[in-house]
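Fold and geometry: a report
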Amino acid sequence: MRRMTIADCMAKRKARPMRNIRIHLNSHVRSVRAIAFDLDSTLTRPYLDFRRLRQQLNLPEGDILKWLAEIPPTQKAQALALIEEFEQDGVENVTWNEGALETLEAVRAMGLPLAIVTRNSRASLVAVCQRLDITVDLLVAREDAPPKPDPGCLHHTANHLRVPIETLLMVGDYRHDMDAGRAAGAMTVLLTNGQTPSWPVEADLVIERLGELLTYLDL
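Below is a summary of the structure that appears in this document. What you see is a predicted model, and the numbers here were worked out from it, not measured in a lab. (Residues numbered from 1 in each chain as written. Predicted model: local features only at pLDDT ≥ 70, side-chain atom pairs only at ≥ 80, totals over all residues. Heavy atoms only, no water.)

Attention now moves to the layout of surface pockets. In this approach the atoms are scanned with a rolling probe the size of a water molecule, which exposes any empty space left behind. Taken as a whole, the largest pocket holds about 1300 Å³ of empty space. Lining the largest pocket are 43 residues, and of these Ser41, Leu48, Phe50, Asp173 and Tyr174 sit closest to its centre. Among the secondary structure elements, those contributing two or more residues to the lining of the largest pocket are α2 (50-57), α3 (64-70), α4 (73-92) and α8 (175-184). By residue class, the composition of the lining of the largest pocket is 15 nonpolar, 13 polar and 15 charged. (1 Å grid on protein atoms, 1.4 Å probe; cavity = no way out; pocket = protein on both sides within 12 Å on 5 of 7 lines; lining within 4 Å. Points joined across faces, edges and corners; volume = space filled by probe spheres on them. Helix = DSSP H or I, 4+ residues; strand = E, 2+ residues; numbered from the N terminus. Nonpolar A, V, L, I, M, F, W, Y, C, P; charged D, E, K, R; others polar.)

Let's shift gears to the sheet that holds strand β9 (residues 217-218). The strand order across the open sheet formed by three strands is β2-β1-β9, and the pairing between neighbours is antiparallel. What marks the edges here is a single partner per strand, and that holds for β2 (28-31) and β9. Where strand β1 (residues 22-25) and β2 come together, four bridges link them in antiparallel fashion. Bridging from a neighbouring strand, Leu25 pairs with His28 of β2. (Pairing = 2+ DSSP bridges.)

Here we come to the packing of α4 against helix α6 (residues 122-132). Interhelical geometry of α4 versus α6 gives an angle of 5 degrees and a closest axis separation of 9 Å. In terms of axis orientation, α4 runs roughly parallel to α6. For the pair α4 and α6, contact is made by Glu87, Val91 and Glu92 and by Ser124, Ala127, Val128 and Arg131, respectively. The residue inventory of the contact of α4 with α6, partitioned by class, reads three nonpolar, one polar and three charged. (Axes fitted to C-alpha atoms, helices over the stretch in contact; angles between N-to-C directions. Parallel < 35°, antiparallel > 145°, perpendicular 65-115°, else oblique. Contact = heavy atoms within 4.5 Å.)

Read these as layout, nothing more, since geometry by itself doesn't imply function.
Here's what the structure looks like:
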């Protein structure tokens, strides 16, 4: 059987009626032309234990991907193997996050272009899309653009979806999502999954469950 590619996971772009979708963000209302979702712990149920991965990598703090890019080749190969094994475990145990499927279907019905922007590898992203039968307009993995918190991945997303960056909504569960969104000039929604963040929150909107996003959107 032929292995799935990113193209297989993407929806074919069809002409969609332009609708005036707006979102209520704290004290103001803004137009939304596209939505970018994080993957792990946003669309999918929280599962990955990054503390365990850090122990395996002997990296108690700091950005894992930035560290990976700076270490010697021999050490990098070993670290990358651990990271890929970690991500594959996530693929094999993946399930939808609470309210994620319904939210994705609802915003798709609104006619909004959708993207998944993740720090995961392309292989694990495609595998998750295959397992959960996810279809969106654009998939952005760490090989496709500078990964979050670098804003480059969101500029890449806005360019490919052909929307102004200020009309792109970034929805994610971690500070990297918010940092990338703010630096890019996109709107940001933090999903807490019912947990209090251990870091200072700077987001345009904070929700506990993904389904709450729909209550802030209107036509």
